[in-house]
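Okay, here's what each chain looks like letter by letter:
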Amino acid sequence: MKWKLNQESENSQVFFNFIATVIRSGIAFLTMPLFTRLLGTEQYGLYSVYHSWQAIGSCIVGLSIGSALGTGYYKFGKDYYKFKSSTLLEGIMISIAIIFILLLCYPILHTIVLYPFSIFLILLMEAFAQFVMSFATMGWIYEKNALSNMLFAIISLLLTTSISIVLLWNWKSNLPLYYGRVFGTALPTILIAIGIVIGIFIKQLPHYNKTYWIYSLGFGLPLVFHQLSQQILGQSDRVMMQMFGILADEIGIYSFFYSFCNIVMIILTALNNAWCPFLYDNLQKKDYDELNRKIKNYVQVFTVLSVGFLMLSHEVAKIFADNTYWSGISLIPILVLSTYFVFIYQFAVNYEFYMAKTKVVATGTIVAGILNMIANTVLIPRWGMYGAAIATMLSYVILSCIHFFVVRYWKLERYPLRTAPVIAGLVIVLFASIIYYVIADLWFLRWGIGAALGIYLVLSIHKRRSIF
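A. Broad picture of the overall build of the protein chain. A count of helices and strands for the protein chain gives 18 helices and zero strands. For 468 residues, the compact-globule formula gives about 23 Å, and the C-alpha radius of gyration of the protein chain, at 22 Å, lands near that figure. Along the first, second and third principal axes, the C-alpha set of the protein chain runs to 55 × 55 × 45 Å. Taking all 468 residues of the protein chain together, the buried fraction comes to 57%. Residue pairs at least 24 apart in sequence account for 85% of intrachain contacts in the protein chain once pairs closer than 6 positions are excluded. When the accessible area of the protein chain is evaluated, it comes to approximately 20200 Å², of which 71% is carbon and sulfur surface. Looking at the protein chain, you have 31 positive and 19 negative side-chain charges, and the mean spots of the two groups are 7 Å apart.

So, in structure tokens, the structure goes:
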């Protein structure tokens, strides 16, 4: 079985990396029906804000040097595992220094983060653990080691979910209930990260290598600003809603639907993680005809999944949360459209990564992040959670335009990827979003469309014998 799972065929790698990413990124979604009820809207909203800060912290800790593993796999060849071990050592040393500095700055940061020192410390430790897990995941994807990727995802899901449930059901502390969710997620994640570090260092002893460290830091440092800006795009809405005095209940409702629609983002992340190694292979071979054929299939898969989610989401959302959350159902099409614009801009960004132009990637995301904060400042006080959703969508529209303008008009090399399939997919999703509001009360029609799309996609994949 292990031999079969480790085969480097495209379909097996896509499938198992897809499952691993869905499990790892989808823990919040998969456990949402339980935790929305255990925590309630207020406590769920407070944990969501903590999670937002933790996601921002994970961008800073480690300085994103794990991102260098993708191109490093091709650049360093037979010395790749030496490069990987040395880069992880560099990341650990950088993380220790950053965490120490942030702890010293806690008296200042406390006025912004609004958490006690103990929670702030756990937040930073979990951020470090997430850096290690992202580092390992990046390595497994390009090493085409789908088995390890999937096994660690399953272990993470089981431990974080079970410990959180036990803590919340038996919570007798005077501390707020959401602390139980914080402890239940952070502690097993930290333990898993320690195990990953030990495993990598056993396989290849860590050592200092100036060439490796300069390459990793040069690749990763611009991505800190890219990822921070991404977090601003994805997380600042809840933080700013809190700053503008939006009630915790409304933040909880928005957080639920943001997390609920995040399953589309999880699917996109899973597909993109599986797609990139084969994208790089085709770019390296300059096999552009094959690559554009796969792009057409990729667009078909994600477009059908996005529209299918839209058609089924109304009733599924009511299963995942009780009626205290239902006032935010109309957010769904806006949030799905936001994710589709992420899908669009990733074609250009993946190409920029391949060309090692991480500064270009970072610049575009920084601009979009700043515009997102401006849009949040204008729209949240007026329209609350709907203003936050619209601001997010507008920011991703701008980000898509920026990156496609860059790759179309830079003088490094002709952009070889066709955009016609992507534009066609966007038109379909826009039309489906309008239809969603028109037939919102006709569940049988929406589910019929969803079923037809599902059958169509399965038959298409079966006919070509390939996901992409």
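Next, the rest of the story.
B. Region of interest: the pattern of salt bridges. All chains considered together, the criterion is met by three salt bridges. A salt bridge links K78 to D79, with the nearest nitrogen and oxygen atoms 3.9 Å apart. Among the residues examined, K78 registers a relative accessible area of 79% and is labelled exposed. Across the salt bridge formed by E315 and R446, the nearest N and O atoms sit 2.6 Å from each other. Taken as a pair, E315 in helix α13 (residues 288-320) and R446 in helix α18 (residues 443-464) lie far apart in primary sequence, 131 residues in all. Taking the relative accessible area as the measure of exposure, E315 reaches 23% and is therefore partly exposed.

C. Up close: the packing of aromatic side chains. All chains considered together, the criterion is met by 37 aromatic pairs. Here the aromatic rings of Y351 and Y415 are separated by 5.3 Å at their centres, their planes lie at 75°, and the arrangement is edge-to-face. Of this pair, Y351 sits in helix α14 (residues 332-354) while Y415 sits in the loop between α16 (385-409) and α17 (420-438), placing them 64 residues apart in sequence. Given a relative accessible area of 1%, Y351 falls into the buried group. Looking at Y415, the relative accessible area reads 5%, which means it is buried. Through a chain of ring-to-ring contacts, three or more aromatic side chains come together here, namely F76, F83, Y212, Y215, F219 and F353. Positioned over the ring face of F76 is K75, at 5.9 Å from the centre of the ring.

D. Focus on the side chain of T189. Inspection of the secondary structure assignment puts T189 in helix α10 (residues 178-203). Take T189: its relative accessible area is 2%, and that puts it in the buried class. Apart from residues no more than four positions distant in its own chain, T189 is found in contact with A129, Q130, M133 and T160.

E. A look at the packing of helix α9 (residues 146-169) against α10. At a minimum axis distance of 8 Å, the contact between α9 and α10 shows a crossing angle of 150°. Looking at the two axes, α9 sits roughly antiparallel to α10. At the point where α9 passes α10, the crossing takes the right-handed sense. Here F152, I155, S156, L159, T160, I163, S164, L167 and L168 of α9 lie close against α10, whose contacting residues are G180, R181, F183, G184, T185, P188, T189, I192 and I196.

F. Expanded view of the side chain of E126. The residue E126 is located in helix α8 (residues 117-142) in this model. Only 2.8 Å separates the side chain of E126 from the side chain of Y50, close enough to count as a polar contact. Not counting residues within four places of it along the chain, the set of residues in contact with E126 comprises Y50, Q54, T185, A186 and I190.

Cut-off values and rules
- Residues numbered from 1 in each chain as written.
- Predicted model: local features only at pLDDT ≥ 70, side-chain atom pairs only at ≥ 80, totals over all residues.
- Heavy atoms only, no water.
- Helix = DSSP H or I, 4+ residues; strand = E, 2+ residues; numbered from the N terminus.
- Rg over C-alpha atoms; globule rule 2.2 N^0.38 Å.
- Buried < 20%, exposed > 50% of the residue type's maximum accessible area, 1.4 Å probe, protein only.
- Contact = heavy atoms within 4.5 Å.
- Areas by Shrake-Rupley, 256 points an atom, 1.4 Å probe, with all protein chains shown as cover.
- Lys, Arg positive; Asp, Glu negative; His and termini not counted.
- Charge placed at Lys NZ, Arg CZ, Asp CG, Glu CD.
- Salt bridge = Lys/Arg side-chain N within 4 Å of Asp/Glu carboxyl O.
- Phe/Tyr/Trp six-rings, centres within 6.5 Å; stacked < 30°, edge-to-face > 60°.
- Lys NZ or Arg CZ within 6 Å of the ring centre and 35° of its normal.
- Axes fitted to C-alpha atoms, helices over the stretch in contact; angles between N-to-C directions.
- Parallel < 35°, antiparallel > 145°, perpendicular 65-115°, else oblique.
- Left-handed = near helix turned anticlockwise from the far one by under 90°.
- Polar contact = N/O pair within 3.5 Å; in protein donor to acceptor, adjacent residues only side chain to side chain.

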